[in-house]
Each structure stands twice: as structure tokens, then as C-alpha cells.
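Architecture at a glance
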Amino acid sequence: MTDNQSIKINDFVIKIGTVNGTGSASANELLMKAIFRMGVPVVGKNIFPSNIQGLPTWYEIRVTGEGHAGRSGDVNIMVSMNPESYERDLDSISIGGILIYDSTWPRPHFMNRADITVIGIPLSSLCNAEFEVARSRILMKNMAYVGAVAAIIGLDMSIIYNLINETFEKKRKLIPANIKAVGLGFNYIEENKLNNKKFLVKSLDRTSNKIMIDGNTAAGLGAVYAGATFGSWYPITPSTSLMDSFSKYCNLYRKHPKTNENLYCIIQAEDELSAAGMAMGAAWNGARAFTPTSGAGISLMSEFIGFAYYAEVGLVYFDIQRVGPSTGMPTRTQQCDINITAYASHGDTKHIVLYPADPGECFTMAAQAFDLAERFQTPVFFLSDLDIGMNDWMVDDLEWNENYEPDRGKIMTSKQLADIEEYSRYLDIDGDYIPYRTLPGTDPKGAYFLRGSGHNKYGKYTEISSEYKEVVDRLLLKWKSAAPFTPQPIISKSLKKTNYAVVAIGSSDGAVREACINLEKQGIYIDYMRIRSFPFADSVEDFIIDHDFVFIIEQNRDAQLMNLLLTETNAPREKLVSIKYYAGQPLDYKFVHDALFKEIMANQKNKKTA
Amino acid sequence: MTSFIKPRISRKSAPKNKIGLTRQDYDGTMSTLCAGCGHDSVTAALARAFFELSIKPHKVAKISGIGCSSKTTSYLLKEAHGANTVHGRMPSFATGAMAANTSLTYFGVSGDGDSLSIGIGQMIHAMRRNANMLYVLENNGVYGLTKGQFSASADIGSVAKKGTVNDQPPIDPCALGLSVGASFIARSFSGDREQLVKLIRAGLMHKGFALIDVISPCVSFNDHKGSTKSYEHTYKYYSKLVHADYIPPAEEIKAAYDVGESMPIVLHDGGEIILRKLDPSYDPSDRSSAFSKITNNNTKEIATGLIYINKNLSDMAEQNNLQERPLNQIPYKELNPGLDNLKEIQKSFR
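Residues numbered from 1 in each chain as written. Chains lettered and ligands numbered in written order. Predicted model: local features only at pLDDT ≥ 70, side-chain atom pairs only at ≥ 80, totals over all residues. Heavy atoms only, no water.

**A look at the sheet that holds strand E13 (residues 316-321) of chain A**
Residue and element names in this part refer to chain A. Here we have seven strands laid out as an open sheet, ordered E11-E10-E12-E13-E15-E14-E21, and mixed in their pairing. A strand with exactly one partner marks an edge of an open sheet, and here the two such strands are strand E11 (265-268) and strand E21 (533-534). With two bridges joining them, strand E14 (residues 352-354) and E21 adopt antiparallel strand pairing. Of the residues in E21, the one forming a bridge with valine 353 is phenylalanine 534. Helix H8 (residues 240-253) rests against strand E10 (230-233), E11, strand E12 (289-293) and E13 of the sheet, and its axis sits at about 140° to E12. (Pairing = 2+ DSSP bridges. Helix = DSSP H or I, 4+ residues; strand = E, 2+ residues; numbered from the N terminus. Contact = heavy atoms within 4.5 Å. Axes fitted to C-alpha atoms, helices over the stretch in contact; angles between N-to-C directions.)

Set out below in C-alpha cells:
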């Protein structure tokens, strides 16, 4: 044991290892919320198996007074409740850390690690003595470790009791047992003086006007506020909770006040092919429509995506990325669908893609996605990932513009139709590459025949080369013209002028920002650009050209973002350096920091020797 | 699928329907199918039924997949929006379209390849959902556009044009529909326009999924000796089970059916589907007897007419608790939960 270590306040990581299906998720969430309510920012990561019951699962809570958004890569307090993962848990603890385990069955070999503190609490025997029913013994053990951790890190117990009261508001008879269980763990630490006060939480005021929310909940809510009325889906991890959210808030706020009828329609399809077809059919018929899925679903939907692109039907595909290829690791995260969403389907197809970085952006970009889809009459992809979608993030309060009106794009009404000689579906009347659509059922004059086969600008079938080419050339210009209307890149300049730059998208953001802050402390200055959409804005290319060394950080094996930049901009290949992490865990800043540091040192050494 | 404009010949004396339109007003572009194709007769029967029911053409949405059959939606109702989707995926597209606006009349045209092979999953699930549409399956036992391969509806022993004999059992869309709970199942023949028009009328007015399997011979690849989907074979074994027609609410039922044999089914709009049993022992509301009748292997008889009907199943719109007002016509202010609710929602995130 090492005691000669300074106390860490509001800057450490608690990791809890349990067996999945034992009800630990709500206990872990309670622990995290208690810290959040003490005004201290937190980062929560659920690292769970593709399984319902019996396999190892972990929950990581980073306490970060400075409000960093990513993981640190450390584990300072390991609560190890699953004998199956004891060895892995023990290995994962950072030097000077604490291991808490259920000492009902003592494990003396844990003492082999002299650089950590081991705290054994006989949680099972304590709970077995207090609770009768087998299931409640399991559940209460979770609350008991919450109490123990609370004692060790100095949590405000009144906040924990309030949270228990809120959690069981509708099942009040469960409250006393939960409070008692928390007390068992708390008292054991206090009475046995096991608190070494190495890692403490001290109240701050850095979480007011902040919420803890996952990206799928936020995106589903965004779809409700955007006025989406139709969603079709096929269940797939990690996107399922997005439709759960849409469904939940529609059920609360989208009922006819008098008749209680639904002002929305959700259909669970038989597969993703069908989900894509339904959403497209609804969009063609004038509903704001979407389908949430993950990469495997995009593979299946690709046929319809190409049809929607060519026939110019605007709808939103939410892709919550998980680890591929094939079934891959369904409960792990990656940014591996950058390529497929940019070009999904056969033939020449290019899409609009949005890259939200956190749940706050999930809320706003969900609405933007619908506006873009309808304005440009084309598929729009919302490319999130499991880390953003399923983990709780601390973000600013969600805000909504009171004056928002959906951008439905160009829809020709009966009145407008009356003023023209003849309606043609794909004529570029306004010279902005966007034709006028009509809705079925509105006017005999507006009828047209939607087809995925070759068509001319009038919407008629064609096999004439020049007529075919005219339409697909316009489609390319239409796609390019969307760039200024999409969320623009966010560029963060370092304190000093620098030749080094980092480019990233989505959930890499927190880790990249923290890595840059740390490098700056070491005198290494790096500019940072977070790209937020495809087609790339002109500023993307400018930013790369303005720097000599541009590190492209992304979470996939094949450098998909870098290759997309090389294909779609004039960024010179020799300026780009790829940094990739693709092992499936949410990115931590130490990985990014170390990779950048290594590259920059090597580069500076080369410069000196040259 | 070239969109030739069909020459319009107006006859002043052409009869008009209740909304003042002639039968020609229900035409589309000129057919590009082979001369004598069964599908063209189906197109004509569909146009006739829409005309007789006085449905405004632009209040119809016509949806299809890929194949010879799926081209035909272009050949009628030029004032209706049409969608020629992807192969085997007409049902999902139609389902989504219906959800967006339940006030239109939807019909889909598909073929045996489109429905029974590549799209069998979608067809089954559209039947399960009881999506309110007419689904016409133009069944010729063969792939026409790719020149003569057997389809999944080819009978055992049927001979292809090049001499190959099919040895796999056929998928019967009507038997399939019965097993998954379709609410209106009929079979007809492109060569019997009188029966077909009436079945289409009934199918269009039925609230829920109405499947009509229409034997529609392919003159180019499956109309030879040895084929079981040829005109000759179909005429030979054609038999009628139950005659069905739709009678609108105001119209007096003129046909004098024997009381014991006719069976009126009152619909939601007050109209009736009148059934006339040609086989007195047959009950089209009895699912198991319907199944046993059409799967009877002891006869070559092709049982046609209304095979099964169940008007008591809720349709997709009811299952989803949808209003009569279409989703695509609800103003945004009714869809937006508002700022106060956003604040309220966020209380649970702290």
C-alpha cells in the first residue's frame, strides 16, 4: 500500500464491474447523479456485453471538476463485484488506486498489487443478514456498494436519499430497503475506518443549467420537436433507444387533446429493408419521416437509399454506429460507417451526412437533418455512435427556438399548379438545382410517376444518354450546394500560431479537446477543427491547406475520414497523418495525447536532423 | 416503360360516371407490354372498376415493384401519383405512404416474382398489418423481363418454353394469405373481365388488405403446351366458387340472387359486398374450409372468385390509433410540444 500520495479532489474515475442482468445499472446511475447534483461534472460510460444476463459489464464514472467530456484512461476506484472479471479489474487499476470487492469470499491474492489499496467489504453476508428474498439480496448489494463508495469519496448523503425517494416515487414501499442497503455499505466503511481519503468529491457549482442525457434520447426528442410524424424501424443495438425516446415523447405530447388519437405513427417493420421502404413511402406522401438503425441496417437499406437519392425523396436515416464489420461487436462503439453513409447504394450516389458530437448536438442536428432532407429532397444521414447514443453525457440545457418552422422545401400547391402550363417533377425552374415536388392527392395536374429507372427532367422514363446525364449532373450540383446549409466546422485555434492541426468528428471531440489542452501545457500548440457535416464546407479544405501537419483522428481501422477528405477535397496527401483507435471503447484523451505527442516529437526530431 | 402518350379519342356519347368522368379519364400512358399480355386486361379491369366506383383519379396512389406487372401502374390513372419502387418492396413503400395519408385509395400491382420470391416477406407482413390497400398479383408463373425463368408460383410438372420441367411445389399466394391472416383473398383470371372488375370493386372498398391473385398468362414465355399458366390451361380448369361485387350505399341491389345463396356483407361506408355462392357448400368466411378448398390436390380445378373475407379485423390505421385527418396535413403547431414541456422533460435529466 502506498499512502504517500496526494489527495485527488474532483478528478478521478470510479469503475464498477458487475454481472449484467443484476440490476446494477440503476445503482450506478444513482451514484453518478449524486455527484452531478453536488455540482461536479461527470462523464458516464457503460461498457456492456451483447447479452441479457450473466456476462461481465462495467460502468465508468469520471469525476471531472474541470468538465472534460471524454474518458481519462485511468481507473482510480475499482468496485469489483464480479469474480469472473476480478483479474481484468485488478489489472485495470491505476497506481495508487483503490479496489473494493465483496470479501464475503476473501481473495488474499489481491494483496499482490502493492501499489493499490484493497478494501474488502462482506457485501453479500451483510445483505443476506438483512434481506429475505433472493432477488432483493442481489439488488440491495448494488445499493450497498453505492453506500460504500459514497463514504469513501465523501458524498452528500442527503442527495442520495433524495434520489432514492425520486427513483421509487411510484413504488414507495421499496424506499426503506434501499436506504437501509446504502447504509450497510456506508456504515461498514465508517465503522471500520476504511476511508483513506485519497479521492474526494467536493461540491462545486458547475452543473447548473446542465443536464445528463444520452444521445438517442436527445435525438428522439429532436425528431419530436422537428415535427416528424412517421418513424419506421427494426430493433437493433445501439439505435433502439432512439425510437423508444420518440415513442415515449410522442405518447406524452403528440396525442389529440380530445380524441387521444395519435398525431404520429410508428411502425416496427419486419426488417430494415422494409423500415427504409416505409419511411420513404411516408416521405413521398408528405410526412416528415425517419428510420433509426445501425451499420448493419444501413447495409440492408442501401437499395432504398439509392432509390430515394435518385428519385429525390427526402428523409432521415439515423445511424448509431457500432463496431463492424458484419455483426461485429454490437455493444461497442466505433466511427466505422463514415464511408457507407457518404455513398450508400450502388451507382453514383452521394449523401448529406451530419456528425453530432454529443447529445446536445443530437437534439439540434436531428431537427436540422429533417430540414435538410426536405429542402434538398434527398436522404440525410445522422451519424451518431454507441458512445454518444447510449451513454449519459453532461450537456447544456436543451433549447428550442420558439419561432422554428419546419423547412418543408419546395412543394407545389394546387394554386401554384393552376398558374403553370404543365407540371414536371424534375425541372430546375429556380436555377438552384432543386425541383418542385407535389404531394399525392392534392391535384390532378400535379401527378407524376416516381421511378428509380432512368428518367429525364420531366420525370418521364428515358434511355436517352443526354437526358439521363442532365439529371444526374444536376443531382451532383444539388448535393454540393447543400454544404453551406449544413452545420459548419468548428475551428478552435491554439494560443499561438502553429503548423500542427487536428481534425476529428463526432464522439472523438471530448478526448481531442482535452489532449490539446494537455499538449498546450507542455508547450505544443495545435489547432483543432471538428467537421460536422458532409459535403465538406470550403473551410475544411482551407483549414487543412493552412497547416503543414494535419492529424486526422478517427475511430475506425481504415482511416475512412482521412480517405473521404482526400477524395472530396484538394487536401494534399503529404500533409495528412492518420491516428486511429478502433478497439471499441469510448475514446480517452490519453490515447489521443500520447499519439499526437509521439508524432510531433518524431516530426521535430526529423526537422532537426534534416 | 417508355411513357408513350395514349391517343385520346373523345366520344361525346361516352357514358359518364357520378363525378362526370368517362372511362377514358381513367387511362394512363400506352402499354409497352407484349400484344396479348394478360396484364393489359388487368389494367383495363382496374381502370373500369375505378371508373364505375366514381373515384377521383387524383385521390388514388398507385404503387408497384419491379417486373412486367409493376410497369402497369403507369398504364392507368394518369392523374394519380404513382411510385414504381424497388423489386419486391412495394408493400413497405405503400405501408408508409398509407400512414402519411389514410384518406387516399391505395392499390399496388405486383407479380409472382416480385411478390412470391424477392418480396415474399414484405407481402406477408403487409397482410399481417392489414394495410388498407388493394394488392393485385399478376401471376404468370414466369419471369418475363429476364426471358422465361420459372417463378415460385410455377406448378410441379409445368414445362418451360425451352423444355425444362419444374419440380418444386408452387407457392399459392391465396393459401399464404389465409395462413397469415389476410382479410380479403380472391383469385381471378385476366380472361374473365366481368368477374375481375367486380372483385376489384369489392377489394377496393374492403377496409383492410385485399389480395387478388390474377392468373395473367405471359404470351411470350409461358403460353405454350405443357404450361399450367397458359390461356388454354386456365380456361380448361377455371372454376368459380363465389361471385363477389361491391354495391355502393345508395344503389339498389338489382341482381336477384337466390336468398339461400347470396350473402351481403355490410361495409363501414354503408355499402355492401354481395357474395353469390356458385358452390353451395362453400363458406368464404370460414378460413379452414377455404384453405382446404384451395389446397385440394385431387383436382386440377382453379378455384376463383372470393375465397375468404373477414371484415372484423382492425386495419393498420386503427391499430395505430390514427385520426381521419392525414398525418401530412397536421399543422406544425399541433406537433410541437412547446418550450414549457421541454423544460418539464429536462427535470428528469438532472
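**What about helix H1 (residues 38-52) of chain B?**
Residue and element names in this part refer to chain B. With 15 residues, H1 should reach 21 Å at 1.5 Å per residue; the first-to-last C-alpha distance of 21 Å fits that figure. Here H1 lies mainly inside the structure; eleven of its 15 residues are buried. Buried within H1 are the following residues: Gly38, His39, Val42, Thr43, Ala44, Ala45, Leu46, Ala47, Ala49, Phe50 and Phe51. Following H1 by one or two positions, serine 54 has its phi on the positive side, about 55°. (Expected span 1.5 Å × (residues − 1). Buried < 20%, exposed > 50% of the residue type's maximum accessible area, 1.4 Å probe, protein only.)

**What to know about the interface of chain A and chain B**
Interfaces are frequently sized by the accessible area removed from exposure as the parts join. Contacts between the two partners involve 72 residues from chain A, matched on the other side by 58 residues from chain B. Counting each side, the surface lost to burial between chain A and chain B is near 5400 Å², with a carbon and sulfur contribution of 62%. When residues of chain A are sorted by the area they lose upon contact with chain B, Tyr225, Tyr253 and Phe449 of chain A head the list and together hold 13% of the total. Counting across the chain A and chain B interface gives three salt bridges. One salt bridge connects glutamate 303 of chain A with arginine 89 of chain B, and the closest N-O pair in it is separated by 3.3 Å. Taken together, the links from chain A to chain B amount to 28 residue pairs in polar contact (both at pLDDT 80 or more). At the level of elements, helix H1 (24-37), strand E9 (210-214), helix H7 (215-225), H8, E11, helix H9 (272-284), helix H10 (295-311) and strand E17 (449-451) of chain A are the ones that each hand at least two residues to the side of chain A that touches chain B. For the side of chain A that touches chain B, the element with the most residues is H9 of chain A, which contributes eight residues. Class assignment of the residues belonging to the side of chain A that touches chain B gives a composition of 38 nonpolar, 19 polar and 15 charged. Summarising the sheet, E17 of chain A and strand E2 (residues 81-84) of chain B pair through three bridges and their orientation is parallel. Bridging across to E2 of chain B, leucine 450 of chain A finds its partner in alanine 83 of chain B. (Buried area = accessible area lost by both parts, 1.4 Å probe. Salt bridge = Lys/Arg side-chain N within 4 Å of Asp/Glu carboxyl O. Polar contact = N/O pair within 3.5 Å; in protein donor to acceptor, adjacent residues only side chain to side chain. Nonpolar A, V, L, I, M, F, W, Y, C, P; charged D, E, K, R; others polar.)

**So, the sheet that holds strand E2 (residues 11-19) of chain A**
Residues and elements named next belong to chain A. The sheet built from six strands is open, its strands ordered E3-E4-E2-E5-E6-E7 with mixed pairing. Strands at the two margins of the open sheet, each flanked by one partner only, are strand E3 (42-47) and strand E7 (117-121). For this sheet, the mean angle separating the axes of adjacent strands, direction not counted, is 15°. Across nine bridges, E2 lies against strand E4 (residues 56-64) in antiparallel orientation.

**Some details on the packing of aromatic side chains**
Counted under the stated rule, the structure contains 32 aromatic pairs over all chains. When the centroid spacing of 5.5 Å and the interplanar angle of 65° are considered together, the rings of phenylalanine 376 of chain A and phenylalanine 485 of chain A count as edge-to-face. Highlighted residues: phenylalanine 376 of chain A in helix H12 (residues 359-376) and phenylalanine 485 of chain A in the loop between helix H15 (465-481) and strand E18 (490-492), separated in sequence by 109 residues. According to the relative accessible area criterion, phenylalanine 485 of chain A is partly exposed, its value standing at 43%. Judged by centre distance (5.2 Å) and plane angle (50°), the ring pair of phenylalanine 50 of chain B and phenylalanine 107 of chain B falls under tilted. Taken together, the residues phenylalanine 50 of chain B in helix H1 and phenylalanine 107 of chain B in strand E3 (residues 105-111) connect sequence positions 57 residues apart. On the basis of relative accessible area, phenylalanine 50 of chain B is assigned to the buried category, the value being 0%. We classify phenylalanine 107 of chain B as buried; its relative accessible area is 0%. Site record: aromatic cluster; members linked through ring pairs are Tyr225, Phe363, Trp400 and Tyr404 of chain A together with Tyr332 of chain B. The residue whose ring lies beneath arginine 425 of chain A is tyrosine 448 of chain A, and the NZ or CZ to ring-centre distance is 5.4 Å. (Phe/Tyr/Trp six-rings, centres within 6.5 Å; stacked < 30°, edge-to-face > 60°. Lys NZ or Arg CZ within 6 Å of the ring centre and 35° of its normal.)

**What about the confidence of the model for chain B?**
Do not read the predicted coordinates in detail wherever pLDDT is low. For chain B, mean pLDDT is 90; residues scoring 70 or higher make up 93% of the total. Considering only residues more than four positions removed or in separate chains, one finds that residues 253-257 of chain B, a stretch of pLDDT under 50, has seven contacts. (pLDDT = per-residue confidence, 0-100.)

**Quick notes on the pairing of strand E4 (residues 133-139) of chain B**
Working note: regular strand, side chains alternate between the two faces of the sheet. Residues and elements named next belong to chain B. Buried residues dominate E4, accounting for seven of its seven residues. Going residue by residue along E4, you find Met133, Tyr135, Leu137 and Asn139 tucked away on one face and Leu134, Val136 and Glu138 tucked away on the opposite face as well. Across five bridges, E3 lies against E4 in parallel orientation. In the sheet register, glycine 111 faces E4, and the bridge partner there is glutamate 138.

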